[in-house]
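# A structural walkthrough
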Amino acid sequence: MPRRFIPLTEVSEILDISAAQAYALVRSGDLPAIKVGGRGQWRVETSELESYIQRMYAETREFVSTRGEDPEAPRA
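Notes on the structure follow. (Residues numbered from 1 in each chain as written. Predicted model: local features only at pLDDT ≥ 70, side-chain atom pairs only at ≥ 80, totals over all residues. Heavy atoms only, no water.)

Moving on, we come to the pairing of strand E3 (residues 41-45). Only one face of E3 is buried, namely the one carrying Trp-42 and Val-44, since none of Gln-41, Arg-43 and Glu-45 on the opposite face is buried. Here strand E1 (residues 5-7) runs beside E3; their pairing, made up of three bridges, is antiparallel. In the strand pairing of E3, Pro-7 is matched with Arg-43. In the sheet, strand E2 (residues 34-36) pairs with E3 via three bridges, with the strands oriented antiparallel. Looking across to E3, one finds that Lys-35 is bridged to Trp-42. Connecting E2 to the antiparallel partner E3 that follows it, the hairpin turn spans four residues, and Gly-37 within it adopts a positive phi of roughly 80 degrees. (Buried < 20%, exposed > 50% of the residue type's maximum accessible area, 1.4 Å probe, protein only. Helix = DSSP H or I, 4+ residues; strand = E, 2+ residues; numbered from the N terminus. Pairing = 2+ DSSP bridges.)

Structure below.
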């Protein structure tokens, strides 16, 4: 049975970002999460992470189509 929730450490590994960046996504509300347990450990529902990834794909497509440039290209 697949897990429903994952910790921020796994989110950061999946997205290949730092733990601080994953925490910032949660704190900003960009990536919905819950706090569980006595120590308030953050958990992200796997479906929410997938939704976030799909939103980022859509935003990137929009960015590229309106600007006509590679988002990774160096700026002049």
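A cluster of nonpolar side chains, contributed by Phe-5, Ile-34 and Val-36, occupies part of the molecular surface with about 200 Å² of accessible area. Structurally, Val-36 can be placed in strand E2. (Patch = residues over 30% accessible without salt bridge, like charges linked within 9 Å, V, L, I, M, F, W, Y side chains within 5 Å. Areas by Shrake-Rupley, 256 points an atom, 1.4 Å probe, with all protein chains shown as cover. Salt bridge = Lys/Arg side-chain N within 4 Å of Asp/Glu carboxyl O.)

In this section: the sheet that holds E3. Sheet strands line up and pair through hydrogen bonds in the backbone, either parallel or antiparallel. Read across the open sheet, the three strands follow the order E1-E3-E2; overall the sheet is antiparallel. Every interior strand has two partners, whereas the edge strands, E1 and E2, have only one. Going from strand to strand, the sheet's axes swing by 45 degrees on average, the running direction of each strand aside. Across the sheet, helix H3 (residues 46-67) lies against E1 and E3, angled at about 65 degrees from E3, the strand it touches most. (Axes fitted to C-alpha atoms, helices over the stretch in contact; angles between N-to-C directions. Contact = heavy atoms within 4.5 Å.)

Quick look at the packing of aromatic side chains now. Enumeration according to the criterion identifies one aromatic pair in this entry. Where Tyr-23 meets Trp-42, the ring centres are 6.5 Å apart and the plane angle is 70 degrees; that geometry is what we call edge-to-face. Taken together, the residues span a long stretch of sequence, with Tyr-23 in helix H2 (residues 19-28) and Trp-42 in strand E3 at a distance of 19 residues. (Phe/Tyr/Trp six-rings, centres within 6.5 Å; stacked < 30°, edge-to-face > 60°.)

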